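# A look at the structure
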Amino acid sequence: MSKIVVTGGLGYIGSVLAGQLAAGGHEVVVVDNELVRERPPSTAETQYVQGDVREPDDWEQVLRGAAGVVHLAAIVGDPACALDHDLTWDTNYLGTIRVAEACARAGVRRLVFASTCSNYGVSRGEIADVFSPLSPQSVYAESKVRAEHYLLSRRGGRLLPGILRFATVYGLSPRMRFDLAVNIMTAKAVLDRRITVHGGTQWRPFLHVSDAATAAAVALAAAPARAAEIYNCGSDAENYPLAEVGRVIQREVGDVELDILDGATDSRDYRVGFARTERLLGHRPSRRLVDGVRELRDALRAGEFRDFADKRYSDFLILRDLLATVTRLAS
């Protein structure tokens, strides 16, 4: 049994990953600022530590003896990151530097960093691979690109940083989110009987949250020669135009009106290739978009998440209200 530290382990991917690692016999330490979810009681398998990645001095003692770190903690998504650019850079970029430095001080060589396929921005009809030019369209993607550059500069030393560019995630998680495309569209289809897609021709790759967590675990266990690399995480078959995502949801839910409106509100448009990850890491997602839609549909029909618009399911709304509270207290 090895000790694994997961930053942001109370979050959407992190809560799934922590459970997978614990079930696999690892000792798991979750470090989280508890902004999106209160920590549950620690167990024999999983310890929960309150901590901010911007201030590792407060928690880095938990790194001693760790076999690896999965760094998921971040402000995630374009809308949330746009609320406060300085906070985004402090968390996503400087926070990553501080985590890497803390790993080096503690002698932890394995660091898996959660990045995003959003870094590709616009692939102009080409299939983007890890060697393709990056075209970040938001401060979120820009912060991830810069964090990647820093970690790549650390290769060859005492740190083995693996970078995972996740496709757009979806599916059920202990820390549920409905500010993600597939999740919110499915919720609206089931409960509002209506889906709206703006544009619809924009391509995106998609990845089930459980497969995203599994990819992180696989990257942790990679041979040293393949550890400090960039990997796209997803499936070639799971690139879809957004209009097709709407049609899949409409078909699986049934009796749903699908409105496809002219004019995209999001400039991102990218298709991504994932064969290299399957070849080098041996990771291949086990779920398809339709599987995630069905599990979401069934959970919603069973009465879960009737309040899907509540702020606790949205990183943007949680951060917006926190910043508003801070502003009021400072005035």
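Structure shown above.
In this report, we go over the structure that sits alongside the text.

Reading the values: the criteria
Residues numbered from 1 in each chain as written. Predicted model: local features only at pLDDT ≥ 70, side-chain atom pairs only at ≥ 80, totals over all residues. Heavy atoms only, no water. Buried < 20%, exposed > 50% of the residue type's maximum accessible area, 1.4 Å probe, protein only. Helix = DSSP H or I, 4+ residues; strand = E, 2+ residues; numbered from the N terminus. Pairing = 2+ DSSP bridges. Right-handed = clockwise from strand over helix to strand, strands pointing away. Axes fitted to C-alpha atoms, helices over the stretch in contact; angles between N-to-C directions. Contact = heavy atoms within 4.5 Å. 1 Å grid on protein atoms, 1.4 Å probe; cavity = no way out; pocket = protein on both sides within 12 Å on 5 of 7 lines; lining within 4 Å. Points joined across faces, edges and corners; volume = space filled by probe spheres on them.

## Re the pairing of strand β1 (residues 3-7)
Every other side chain in a regular strand lies on the same face of the sheet, so the side chains alternate between the two faces. The buried count for β1 comes to five of five residues, which makes it a mostly enclosed element. In β1, alternate side chains face the same way, and those of Lys 3, Val 5 and Thr 7 on one face and Ile 4 and Val 6 on the other are all buried. As paired elements, β1 and strand β2 (residues 27-32) share five bridges and run parallel to each other. The residue bridging Val 6 from the neighbouring strand is Val 30, located in β2. Handedness of the crossover joining β1 and β2 through helix α1 (residues 12-23) is recorded here as right-handed. For β1 and strand β4 (residues 68-71), the ladder comprises four bridges, and the chain directions are parallel. When the sheet's bridge partners are listed, Val 6 is paired in β4 with Val 70.

## As for the sheet that holds strand β12 (residues 239-241)
Taken in spatial order, the three strands of this open sheet run β8-β10-β12, and their pairing is mixed. With partners counted over all chains shown, the strands left at the sheet margins are β8 (168-170) and β12, one partner each. Each neighbouring strand pair of the sheet contributes to a mean axis angle of 45 degrees, computed without reference to strand direction. Its contacts with the sheet place helix α8 (residues 242-253) against β10 (203-208) and β12, and it is angled at close to 90 degrees to β12.

## Some words on empty space enclosed by the protein
With the rule as written, the count across this model stands at one cavity of 30 Å³ or more. Quantified by volume, the largest cavity comes out at close to 40 Å³. Lining the largest cavity we find Arg 110, Leu 111, Val 112, Leu 160, Gly 162, Ala 219, Leu 220 and Ala 227. Contributing elements (two or more residues each) for the lining of the largest cavity: β5 (110-116), β7 (160-166) and α6 (209-220). When residues of the lining of the largest cavity are assigned to their parent elements, the largest contribution, three residues, is made by β5.

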